[in-house]
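# Structural overview for review
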Amino acid sequence: MKHVFALLLMVLFFAGTGFSQVKGTVTDKATGKPVAFANIWVEDENLGTTSSEKGEFGFASAELQGKTLVISCLGYERTRLPISGGNLTIALVPSAVALNEVTVKKSTKRTKLVINKLDDNTEYSFGSNGTPWIVAQYIPYKTGYAATPFLDQISIVTLSNLKNASFKLRLLRVGEDGAPGSDLLSTPLMGLAPKGIKTVTLDVSQHDLQMPAKGFFIAFEWLVIKKNRYEAVDPETGAKEGPARISYEPSIRCYGPDQRSPNGWIYHQGKWVSTSQREGDAISFATPQFQLTLSN
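Residues numbered from 1 in each chain as written. Predicted model: local features only at pLDDT ≥ 70, side-chain atom pairs only at ≥ 80, totals over all residues. Heavy atoms only, no water.

### Description of the overall build of the protein chain
Tallying secondary structure elements over the protein chain gives one helix and 21 strands in all. Considering the protein chain as a whole, with its 296 residues, one finds that 46% of them fall into the buried category. Contacts in the protein chain between residues at least 24 apart in sequence constitute 73% of all its contacts with a sequence separation of at least 6. (Helix = DSSP H or I, 4+ residues; strand = E, 2+ residues; numbered from the N terminus. Buried < 20%, exposed > 50% of the residue type's maximum accessible area, 1.4 Å probe, protein only. Contact = heavy atoms within 4.5 Å.)

Below, the structure is given as structure tokens:
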């Protein structure tokens, strides 16, 4: 009996070593303080997460040794780091965000222009089951915007099973390859999605941003954090329906297959991918719709 018990302990030991958890903390290299809500992917894998408010993260997954993490966070340089152990400290280097110079003063008599106007159609939406997606829509520049050059408000339709689910919006330049590039802002735009189907509007007028001549991207970033976690329950029994029905709120309204924006992108496996290149899977439905209000 003793031999059987010893053998069982050895089996459990080796099984445990094969499924060791990778965890760590994301910090600011300049200050040593934790970095909250960093976007963390295992490169070329369908596996990612978000750092907590304390900068902590973890992957309860096997065989990650030797693979590479890709860490992206507004205000910091994008970082790649090989997974060399179970406990990681990732120090992000602050980046200098080159803000556009404002050469036009805002008028005291405001005129507003709404583009990509939202309507009541919420037939299509896209959400996260634990993946830290970032989805983006390209907003092209048109000469008719010259009279109202400033970014004033951004509106989206959110669908949430929770009260006040947190999310990020990012404003991105157009990169050399046409994909989303560097950030236009040095501070994050944080939003809260109320419970139900709601239109949420973020005010960006205080940033004095003008519409870039090449256009720009508006991007929605999911936060895979505890307060956004929702597990569906059976409406009749009240019992939880299991891991397959776990989501990270909110979902957002997207274009359908017959009305899709010609230039939607998703941050997937640590890199940007065009949604038009993924026909036949769910990512092809991931082009979000943003309503943008411009002003003078």
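Now that the structure is up, let's keep going.
### Examining unusual backbone geometry
The residue after glutamate 249, namely proline 250, is reached through a cis peptide bond having omega 0 degrees. In this fold, proline 250 is placed in strand 18 (residues 246–253). In this structure, asparagine 164 is a non-glycine residue whose phi angle is positive, near 60 degrees. Residue placement: asparagine 164 occurs in the loop between strand 11 (150–160) and strand 12 (165–174). Taking relative accessible area as the criterion, asparagine 164 reaches 33% and is therefore assigned partly exposed.

### Comments concerning the pattern of salt bridges
As enumerated under the stated definition, the model contains seven salt bridges in all. Of the charged contacts in the structure, one is a salt bridge between aspartate 44 and lysine 271, with a shortest N-O distance of 2.6 Å. Note that aspartate 44 is positioned in the loop between strand 2 (39–42) and strand 3 (48–50) and lysine 271 in strand 20 (residues 271–274), a separation of 227 residues in sequence. A salt bridge links arginine 170 to glutamate 221; its shortest N-O distance comes to 3.3 Å. Of this pair, arginine 170 sits in strand 12 while glutamate 221 sits in strand 16 (residues 216–222), placing them 51 residues apart in sequence. For the pair shown, arginine 170 and glutamate 221 are each scored as buried. It is possible to trace a salt-bridge network through shared partners that takes in Arg170, Asp183 and Glu221. (Salt bridge = Lys/Arg side-chain N within 4 Å of Asp/Glu carboxyl O.)

### Examining the sheet that holds strand 4 (residues 56–59)
Ordered by their spatial adjacency, three strands build an open sheet running 4-1-7, and the pairing between neighbours is mixed. Only two strands of the sheet have a single partner each, and these edge strands are strand 4 and strand 7 (87–92). Averaged over all pairs of adjacent strands, the angle between their axes in this sheet comes to 25 degrees, without regard to strand direction. In terms of strand pairing, strand 1 (residues 22–28) meets strand 4 through four bridges, oriented antiparallel. Note that in strand 4 the partner of valine 22 across the bridge is phenylalanine 59. (Pairing = 2+ DSSP bridges. Axes fitted to C-alpha atoms, helices over the stretch in contact; angles between N-to-C directions.)

### What about the sheet that holds strand 2?
Taken in spatial order, the four strands line up as 3-2-5-6 in an open sheet, and their pairing is antiparallel. Both edges of this open sheet fall to strand 3 and strand 6 (79–82), since each of them pairs with a single strand only. Taking the axes of each pair of neighbouring strands and ignoring which way they run, one obtains an average angle of 20 degrees across the sheet. Direction of pairing for strand 2 relative to strand 3: antiparallel, over a ladder of three bridges. Paired with asparagine 39 across the strands is threonine 50, a residue of strand 3.

### Description of the packing of aromatic side chains
On inspection of all chains with the given rule, the structure shows nine aromatic pairs. Centroid distance tryptophan 41 to tryptophan 133: 5.9 Å. Interplanar angle 55 degrees. Geometry classified as tilted. Of this pair, tryptophan 41 sits in strand 2 while tryptophan 133 sits in the loop between strand 9 (125–128) and strand 10 (134–139); the two residues are 92 residues apart in sequence, bridging distant segments of the chain. In this pair, the class of tryptophan 41 matches that of tryptophan 133, namely buried. (Phe/Tyr/Trp six-rings, centres within 6.5 Å; stacked < 30°, edge-to-face > 60°.)

### So, the nonpolar core
Of all hydrophobic cores here, the largest spans 45 residues; its most connected members are Leu151, Leu171, Phe216 and Phe220. Where this core is concerned, the elements lending two or more residues are strand 10, strand 11, strand 12, strand 14 (189–193), strand 15 (196–203), strand 16, strand 19 (264–268) and strand 21 (291–295). A per-element tally of this core places strand 16 first, with six residues. Setting aside anything within four residues of it in sequence, one finds leucine 171 in contact with Leu151, Ile154, Ser182, Asp183, Leu184, Leu185, Leu189, Leu209, Phe216, Phe217 and Ile218. Val35, Ala38, Tyr76 and Leu92 belong to the second largest nonpolar core, which has 17 residues in total. (Core = buried A, V, L, I, M, F, W, Y, C linked by side-chain atoms within 4.5 Å.)

### Thoughts on the pairing of strand 20
Bridge count for strand 19 against strand 20 is four bridges, and the pairing is antiparallel. If you follow histidine 268 over to strand 20, its bridge partner there is lysine 271. Here strand 19 folds back onto strand 20 in antiparallel fashion, the turn holding two residues, of which glutamine 269 has a positive phi close to 60 degrees.

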